[in-house]
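Coordinates in review
One-letter residues, chain by chain:
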Amino acid sequence: MNTKNSEKLYKKGCVHLVGAVNSPVRAFASVGGNPLFIDKAKGAYIKDVDGNKYIDLVLSYGPMILGHRNNKVEKSVSQALKKGTSFGASTNAEIKLAKIVCDAFPGMDKVRFVNSGTEAVLSAIRLARAHTGKDKIIKFSGCYHGHMDAMLVAAGSGLATLSLPGSKGVPSQAVENTLISEYNNLESVKAHFEKHDDIAAVILEPVTGNMGVVQPSDAFIKGLRALTKEKNALLICDEVMTGFRSQFGGAQELIGIEADITCLGKVIGGGFPVGAYGASDEIMNNVAPLGGMYQAGTLSGNPIAMAAGISTLTALKNKNPYKQFEKVAEQIEEMLLSSAKKHGVALKVNRFGSMINPFFTNKEVTNFADAQTSDTEKFAQFFWAMIKNGVFLPPSQFEAWFLSTEIKERELEKLAVAIEKSMEMVSSI
Ligand code: HOZ
């Protein structure tokens, strides 16, 4: 496989960019080798600067649910571009996207658009504190909620990929109000509530993607909802990955709970930088200019990003691809498991809607500790074998694979071949 141009760009990129990347997981640090540089993408496929073409299961870590350069999204973006790219004033597009988002989540009356998932979460946490007058936040190990100081403890995603317990540069005061519980372990949450009476909120990925895909048990998630209500703490669902991806109404719709505050991102921007947090009128009226909780952004509600979001969500509403995603994910699970069995590779596969990933372990994966039993060296071998066989995966055991509506019969056939060859390679090591 020729990667000469990527290698050249990597060397060049290292001069003025940190590790030649703008987000650490892109550096391929946990799978070895140098990152691939991308030239372009269309539909289900992405092409690197050496002309190698891959089925894309990274999809920009989730946003590109309709595949790359969807015609309708392209058209609405180019129409918006002709009107101007940023105004620092309100537009009708923001109102339209806000209505689509609020209609999808029962109990969400208002939404505030920001520029990333990180911003959505940091604002949601400030809002929970403003609304309850309390300070502490419970988060779960292995859940990742962006790179704000208070959430960079026991986090999944890039930190897990690089085996970092937290981040340097985060003052201890910034995390002293962050309490850690274990995912799928309600008792570990109850223990905090027994000890502290100033817990403002519990935040979680209702289905995780940042320690790989892990689903909550019914007892855990329903228990968490009841417990937070009983203790007058807010439940924040970080649906940056799952919102409009698992189901139009997010993971909450599928698992049957309603958060007090929902954080969104990725899909709602249709490939542009958009995040959002939303809640009932009662909670959102704390936010300036209606209330005293301050949060602002020059490019928030950017008209181009709003146009991409509106056309992406409208297409999803019309297509309703969620049952089809389920079928495709089931087929991929079957490919992985049967191939692993054939080659004697220990493997568990977790999936939820259009998110799926294998763990190279014998253990059922229900929390971060289970996820960490996965053999990351095997994952690295598998990753490179898949690349050589034309499939672009997240370069980390702890990131979910994402599906787009462009994965059709032809792509499934190619995936079956790539998985079989890659698993055979892993077994021979
Ligand atoms: N939340 C994204 C996936 N875990 C981040 C992607 C990245 O780290 O670049």
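Quick note: structure is the one above.
Calculation notes
- Residues numbered from 1 in each chain as written.
- Predicted model: local features only at pLDDT ≥ 70, side-chain atom pairs only at ≥ 80, totals over all residues.
- Heavy atoms only, no water.
- Helix = DSSP H or I, 4+ residues; strand = E, 2+ residues; numbered from the N terminus.
- Rg over C-alpha atoms; globule rule 2.2 N^0.38 Å.
- Buried < 20%, exposed > 50% of the residue type's maximum accessible area, 1.4 Å probe, protein only.
- Contact = heavy atoms within 4.5 Å.
- Areas by Shrake-Rupley, 256 points an atom, 1.4 Å probe, with all protein chains shown as cover.
- Lys, Arg positive; Asp, Glu negative; His and termini not counted.
- Charge placed at Lys NZ, Arg CZ, Asp CG, Glu CD.
- Near = heavy atom within 4 Å.
- Polar contact = N/O pair within 3.5 Å; in protein donor to acceptor, adjacent residues only side chain to side chain.
- Pairing = 2+ DSSP bridges.
- Axes fitted to C-alpha atoms, helices over the stretch in contact; angles between N-to-C directions.
- Parallel < 35°, antiparallel > 145°, perpendicular 65-115°, else oblique.
- Left-handed = near helix turned anticlockwise from the far one by under 90°.
- Core = buried A, V, L, I, M, F, W, Y, C linked by side-chain atoms within 4.5 Å.
- Expected span 1.5 Å × (residues − 1).
- Patch = residues over 30% accessible without salt bridge, like charges linked within 9 Å, V, L, I, M, F, W, Y side chains within 5 Å.
- Salt bridge = Lys/Arg side-chain N within 4 Å of Asp/Glu carboxyl O.

Let us now look at the overall build of the protein. A count of helices and strands for the protein gives 15 helices and 14 strands. Here the C-alpha atoms of the protein give a radius of gyration of 21 Å, agreeing with the 22 Å that 2.2 N^0.38 yields for 429 residues. Seen along its three principal axes, the alpha-carbon backbone of the protein occupies a region of about 60 × 55 × 45 Å. Taking all 429 residues of the protein together, 57% fall into the buried category. Counted over contacts in the protein with a minimum sequence separation of 6, partners at least 24 positions apart contribute 72%. Within the structure as shown, the protein displays about 18,300 Å² of accessible surface, and the carbon and sulfur contribution to it stands at 51%. Both charge centroids of the protein, one from 47 positive and one from 43 negative side chains, sit 7 Å from each other.

Here we come to the site of the ligand. Around the ligand, the structure places Ser-23, Val-25, Tyr-61, Tyr-144, Ser-157, Asn-210, Met-241, Lys-266 and Glu-399. In the environment of the ligand, an oxygen atom lies 2.6 Å from a nitrogen or oxygen atom belonging to the side chain of Ser-23. Within the side chain of Glu-399, a nitrogen or oxygen atom sits 2.7 Å from a nitrogen atom of the ligand. Contact with the protein chains removes 84% of the 280 Å² of surface that the ligand exposes when unbound.

Strands sit in the order β11-β12-β14 across an open sheet of three strands; the sheet is antiparallel. Each of the sheet's edge strands pairs with one partner strand only, and the pair in question is β11 (348-352) and β14 (401-402). When β11 meets strand β12 (residues 355-359), the two strands line up antiparallel, connected through five bridges. Residue Arg-351 lies in a different strand from β12, and its bridge partner there is Ile-356.

So, about the packing of helix α12 (residues 322-342) against helix α15 (residues 409-427). Taken N-terminus to C-terminus, the directions of α12 and α15 make an angle of 25°; their axes are 9 Å apart at the nearest point. As far as their axial angle goes, α15 and α12 are roughly parallel. Our pair here, α12 against α15, has a crossing hand that is right-handed. Residues Val-328, Gln-331, Ile-332, Met-335, Leu-336, Ser-339, Ala-340 and Lys-342 of α12 pack against Leu-412, Leu-415, Ala-416, Ile-419, Glu-420 and Met-423 of α15.

With that settled, the discussion passes to the nonpolar core. Membership of the largest hydrophobic core comes to 115 residues, with the highest contact counts inside it found for Val-101, Phe-113 and Phe-244. In this structure Phe-244 touches Ile-65, Ile-100, Val-101, Ala-104, Phe-105, Gly-250, Leu-264, Val-267, Ile-268, Leu-313, Leu-316 and Tyr-322, once residues within four positions along its chain are discounted. Listed in part, the 25 residues of the second largest apolar core include Val-121, Ala-150, Ala-201 and Met-284.

A separate point is the sheet that holds strand β13 (residues 391-392). Pairing is mixed across the open sheet formed by four strands, whose spatial order is β1-β2-β3-β13. In the strand order of this sheet, the two ends are held by β1 (38-42) and β13, each with one partner. For strand β3 (residues 53-56) and β13, the ladder comprises two bridges, and the chain directions are parallel. Opposite Asp-56, over in β13, you have Phe-392 as the bridge partner.

Because an α-helix completes one turn every 3.6 residues, residues spaced three or four positions apart along the sequence face the same direction. With 16 residues, helix α4 (residues 117-132) extends 22 Å from end C-alpha to end C-alpha; this agrees with the ideal 22 Å at 1.5 Å per step. Among all positions of α4, only Gly-117, Thr-118, Ala-120, Val-121, Ser-123, Ala-124, Ile-125, Leu-127 and Ala-128 are buried.

All right, on to a positive patch on the surface then. Taken together, the side chains of Lys-40, Lys-47, Lys-53 and Lys-414 make up a positively charged region of the molecular surface. In this structure, Lys-414 sits in helix α15.

Another point: the environment of Gly-292. On the secondary structure map, Gly-292 appears in the loop between α10 (281-284) and α11 (303-319). Taking the C-alpha atoms as reference points, Gly-292 and Tyr-45, 247 residues apart in sequence, are found 46 Å from one another.

Most of strand β5 (residues 136-140) is tucked away: five of the five residues are buried. Burial along β5 is two-sided: the face carrying Lys-136, Ile-138 and Phe-140 and the face carrying Ile-137 and Lys-139 are both buried. Here β5 pairs with strand β7 (residues 199-204) via three bridges, running parallel. Pairing of Ile-137 across the sheet is with Ala-201, part of β7.

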